[in-house]
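Residues per chain, in single letters:
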Amino acid sequence: MRREDLYRDVDKQILGDAMVSDEAVATLRHLCDTIGNRMAGSTGERRAGDYIREHFTRIGLDNVQVEAFPFLAWERKRKPVLRLTRPARASFASIALPYSPKTPKGGIDVEVVDVGDGLPEDFHRLRRQIRGRAVLTTSESPGYYHRWVHRAEKFALAVKHGAKAFLFVNHYDGLLAPTGSARFNKKAEVPALGLAKEDGARLLRLAAGQAPQVHIETFDRAFKAQGRNVCARLTGTEKPDEMIVVGGHYDGHDISQAAEDNGTGVATVIEAARLLAPHRHLLKRTVSFVAFSAEEVGLLGGQAYVERHKAELDGIRLMVNVDSIGDGRVKGYNFHGWHEAKAPLQALGAEMHETIGYASRPGAYSDHFPFLAEGVPNCSLGTVGGASGGRGYGHTAADTFDKVSRIDLRQAAALLARSLLRFANAPAWALPHKTPQQINDMLDRFEIRDVLRREGTLPSRLK
Ligand SMILES: [Zn+2]
C-alpha cells in the first residue's frame with residue numbers, strides 16, 4: 001500500500017473513533033467532577049496522577065511510570081481579610097494567590113497605589129509612590145502593548161519597587177477573583193490577593209480619588225511536597241531512541257475544577273494515546289506521553305522531566321505541549337520560534353485534508369518552555385493566531401466542565417493523534433535543535449529573557 005493510502009485508512013479509523021466515542025469527555029468529567037481540586041501537592045493531584053497512570057496502563061502503553069520530584073507546595077487556609085479603612089470603611093472578598101505568605105498576626109495596614117494594568121512603564125512612572133504601599137493592578141495584558149505582561153512580572157515589579165502587598169484585580173466581569181502564583185516554587189515576599197473586577201472597582205470608587213488605606217490579613221502556608229509526572233510510551237519500531245514527547249499538565253488551581261486549564265489538555269493527550277495505540281506497529285519512532293505535575297506553581301514537572309531525561313534530549317524530534325485547547329474552530333500549533341515549521345506543517349495539512357493553524361511566537365509560561373530552554377524543537381497545540389486577550393474563565397472558580405465543548409476535545413485529540421503519527425514517521429525533519437546562543441537571541445527579540453530575569457525564573461543555561 002502506498003504511504004498516503006495507508007495513512008488515509010488510519011485517519012479514517014482515528015477520526016471515526018474520536019467522533020463516536022466519549023472517552024475524552026469522560027476523562028475530563030472525572031478530573032473535574034469526581035476529583036475537582038488538583039492543586040500541586042494536594043490529595044486531588046495525587047488522585048488525578050493515579051487515575052492517569054491507570055488510564056495509560058488500560059490503553060496498553062509501554063513503560064508506564066511515575067517520576068517523583070520534590071518541590072515547595074502551598075495551600076490556602078482561612079479566607080483573607082481585606083478591609084478598606086480610609087477614606088471609607090468596607091470589607092471585600094478576596095483570595096490569596098499561591099505562595100502568598102501569612103501576614104503577622106493582626107495583619108498589616110497599608111495605603112494603596114493604583115498602577116492600572118501594571119505595565120513596566122506604569123511601575124516606572126509610579127516608582128516613588130510604591131514603596132511601603134500596596135500595589136493594585138488589573139489582570140489585563142492590554143492588546144496595544146507589544147508583548148504579554150504576566151501576573152508574575154507585575155508581582156516582581158511591585159516587590160522590586162518596595163511594595164508591601166499586591167492586589168490583583170480581574171479584568172473580566174462576573175464577580176470572579178483571579179488566582180495564579182505570585183512566585184514560583186518559593187514563598188512570595190509580600191501578601192498577594194486576587195479580587196473580582198467589581199470589587200476592585202468599588203474599592204477605587206469608595207476611595208474617591210484620595211489615597212485609600214486597607215487592612216490585610218492572610219493565613220496561608222507553604223510546605224514541602226512531591227510532584228509526580230506520569231509517563232508512558234508507544235515504542236518506535238525502527239528508531240526507538242528517537243522520539244516525539246507529547247504532554248500536558250494535570251495539576252490545576254485549587255479554587256476551581258481547572259477544566260479548560262488544563263483538564264482539556266490532559267484529556268486530549270490521553271485520548272490521542274488511546275486513538276493511536278491500535279496503530280502502534282506503524283510508529284517508526286517512539287511517542288512519549290507525559291502528564292506533568294506542578295505546572296501552575298512554576299513549570300516544575302516540565303523542568304523535572306528535562307533534568308531527569310537529559311541524555312534523551314538530543315533524540316527528541318519535537319515536544320508537543322497541550323495546555324488549554326481553546327474553543328476556536330481551527331486548531332493548530334504554535335512552534336515557539338521554530339519558523340522552519342511553516343512549510344512542513346502546510347504540507348501536513350494538505351496531506352491530511354485539514355486546515356491546521358500555524359504560529360511561531362515563543363512563550364515562556366507552560367511545560368514546553370523547559371524543553372525550549374534546552375534547544376529542543378517544540379510546539380503547543382490549541383487555538384492559535386490572533387491576539388491573546390487573557391485567560392477568560394481560566395484561573396477563576398468558573399473554569400468548570402460545562403464550559404468545555406465535546407467537539408473541541410474531539411477535534412484536538414484527532415488532530416493530535418494524526419499529527420503524532422506523521423511527526424514520528426516523517427523521513428526528513430526540518431526542525432533543528434537550537435544552541436543556547438540561538439535560544440537567547442530568539443528570546444531577546446521578544447524581551448523574554450529580561451522578563452524571566454525580573455521574575456527570577458530564567459533557566460541557568462540561558463544566563
Ligand atoms: Zn495551564
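What you are looking at is a predicted structure, and each value in this text was computed from that prediction instead of being measured.

### Some details on the overall build of the protein
Counting secondary structure elements, the protein contains 14 helices and 16 strands. In terms of overall dimensions, the protein is globule-like: its C-alpha atoms have a radius of gyration of 22 Å, near the 23 Å expected for 463 residues. Each principal axis of the C-alpha distribution contributes one length, and for the protein these read about 80 × 45 × 35 Å. The burial tally for the protein puts 60% of its 463 residues in the buried class. The long-range fraction of contacts in the protein, counting pairs at least 24 apart against all pairs at least 6 apart in sequence, stands at 84%. Counting only carbon and sulfur atoms, one obtains 50% of the accessible surface of the protein, whose full area is about 18,600 Å². Of the side chains in the protein, 64 bear a positive and 56 a negative charge, and the two mean positions are spaced by 5 Å.

### A few points about the sheet that holds strand β2 (residues 81-86)
Strand pairing in a sheet is mediated by backbone hydrogen bonds. Such pairs are either parallel or antiparallel. Reading across from one edge, β3-β2-β9-β5-β6-β7-β8-β4 is the order of the eight strands in this open sheet, with mixed pairing throughout. Two strands in the sheet have a free side with no partner beyond their single neighbour: β3 (90-91) and β4 (95-96). Bridging between strand β5 (residues 108-114) and strand β9 (residues 213-217) involves four bridges; their strand directions are antiparallel. Bridge pairing in β9 places Glu111 opposite Gln213. On top of the sheet, helix α6 (residues 151-160) reaches β6 (134-138), β7 (165-169) and β8 (192-195); it is set at about 150° to β7, its chief contact.

### Structural notes on helix α14 (residues 448-455)
Listed as buried for α14 are Ile448, Arg449, Val451, Leu452 and Glu455. For α14, the angular spread of the buried residues around the axis is 160°, confining them to a single face. The secondary structure elements touched by the buried residues of α14 are α6, α11 (369-373) and α13 (436-445). Backbone geometry just after α14 places Gly456 at a positive phi near 80°.

### Examining the pattern of salt bridges
All told, the structure shown has 32 salt bridges when counted by the stated rule. Residue Lys197 pairs with Asp173 through a salt bridge whose shortest N-O separation is 2.8 Å. You can see Lys197 sitting in helix α7 (residues 197-207) and its partner Asp173 sitting in the loop between β7 and β8, a full 24 residues away along the chain. Judged by relative accessible area, which is 32%, Lys197 ranks as partly exposed. The exposure class of Asp173 is exposed, given its relative accessible area of 53%.

### Quick word on the coordination of the zinc ion
The protein atoms donating to the zinc ion are His249 (NE2), Asp261 (OD), Asp323 (OD) and Asp323 (OD), with metal-donor distances spanning 1.9 to 2.5 Å. Of note is the zinc ion, whose four donor atoms meet at the metal with angles of 55 to 145° in an arrangement that counts as irregular. Spacing between the donor residues of the zinc ion along the chain follows H-x11-D-x61-D. Of this pair, His249 sits in strand β11 (residues 239-249) while Asp323 sits in the loop between β13 (316-322) and β14 (331-334); the two residues are 74 residues apart in sequence, bridging distant segments of the chain. Side by side, His249 and Asp323 carry an identical accessibility label, which is buried.

### Remarks on the environment of Gly180
Structurally, the position occupied by Gly180 is in the loop between β7 and β8. Placed 213 residues apart in sequence, Gly180 and Tyr393 show a C-alpha to C-alpha distance of 12 Å. Once residues within four sequence positions are removed from consideration, Gly180 is found in contact with Leu97, Pro98, Arg151, His253 and His395.

### Comments concerning the packing of aromatic side chains
One pair of aromatic rings is described through two measures. These are the centre distance and the angle between the planes. Enumeration according to the criterion identifies eleven aromatic pairs in this entry. Centroid distance Phe155 to Phe166: 5.2 Å. Interplanar angle 85°. Geometry classified as edge-to-face. Of this pair, Phe155 sits in helix α6 while Phe166 sits in strand β7, and the two are eleven residues apart along the sequence. Assessed through its relative accessible area of 0%, Phe155 is described here as buried. Geometrically, the ring pair formed by Tyr305 and Phe371 is tilted, given 5.8 Å between the ring centres and 35° between the ring planes. Here Tyr305 is found in helix α9 (residues 300-308), whereas its partner Phe371 is found in helix α11, with 66 residues between them in sequence.

### Observations concerning the sheet that holds strand β10 (residues 221-234)
Strand order in the open sheet made by the eight strands is β1-β10-β12-β11-β13-β16-β14-β15, with mixed pairing throughout. Both outer strands of the open sheet, β1 (62-75) and β15 (357-359), are each paired with one neighbouring strand and no more. Sheet twist, expressed as the mean angle between neighbouring strand axes with direction ignored, is 25°. As paired strands, β11 and β13 are joined by five bridges and run parallel to one another. From the neighbouring strand, Gly247 faces β13, where its bridge partner is Asn321. The strands touched by helix α12 (residues 406-425) are β11, β12 (285-292), β13, β14 and β16 (378-383); relative to β14, the strand with the most contacts, the crossing angle is about 50°.

### A word on the domain arrangement of the protein
Per the domain assignment, the segments making up the protein are domain 1 (3-74 + 224-432) and domain 2 (77-219). Centre-to-centre, using C-alpha coordinates, domain 1 lies 33 Å away from domain 2. Across the contact, 22 residues belong to domain 1 and 24 residues belong to domain 2. In total, about 1,800 Å² of surface goes out of reach between domain 1 and domain 2, with carbon and sulfur atoms giving 61% of it. Looking at the side of domain 1 facing domain 2, the largest losses of area belong to Leu72, Trp74 and Tyr365, adding up to 32% of the total buried there. Summed over the shared surface of domain 1 and domain 2, the result is zero salt bridges. Sorting elements by how many residues they give to the side of domain 1 that touches domain 2 places β1 first, with four residues. Residues belonging to the side of domain 1 that touches domain 2 are distributed by class as follows: eleven nonpolar, eight polar and three charged.

### Some points on the environment of Asp117
Within the element layout of this structure, Asp117 appears in the loop between β5 and α4 (120-125). In this structure the C-alpha to C-alpha distance between Asp117 and Ser139, which are 22 residues apart in sequence, comes to 6.9 Å. With residues near it in sequence (within four places) discarded, Asp117 still touches Asp122, Thr137, Thr138, Glu140, Pro142, Tyr144 and Lys154.

Here is what the cut-offs are and how they apply
Residues numbered from 1 in each chain as written. Predicted model: local features only at pLDDT ≥ 70, side-chain atom pairs only at ≥ 80, totals over all residues. Heavy atoms only, no water. Helix = DSSP H or I, 4+ residues; strand = E, 2+ residues; numbered from the N terminus. Rg over C-alpha atoms; globule rule 2.2 N^0.38 Å. Buried < 20%, exposed > 50% of the residue type's maximum accessible area, 1.4 Å probe, protein only. Contact = heavy atoms within 4.5 Å. Areas by Shrake-Rupley, 256 points an atom, 1.4 Å probe, with all protein chains shown as cover. Lys, Arg positive; Asp, Glu negative; His and termini not counted. Charge placed at Lys NZ, Arg CZ, Asp CG, Glu CD. Pairing = 2+ DSSP bridges. Axes fitted to C-alpha atoms, helices over the stretch in contact; angles between N-to-C directions. Arc of directions from axis to C-beta. Salt bridge = Lys/Arg side-chain N within 4 Å of Asp/Glu carboxyl O. Donors = N, O, S within 2.8 Å, 3.2 Å for Na, K, Ca; no water. Tetrahedral: all angles 85-135°; square planar, octahedral: opposite > 155°, others 65-115°. Phe/Tyr/Trp six-rings, centres within 6.5 Å; stacked < 30°, edge-to-face > 60°. Domains from an automatic or database assignment. Buried area = accessible area lost by both parts, 1.4 Å probe. Nonpolar A, V, L, I, M, F, W, Y, C, P; charged D, E, K, R; others polar.

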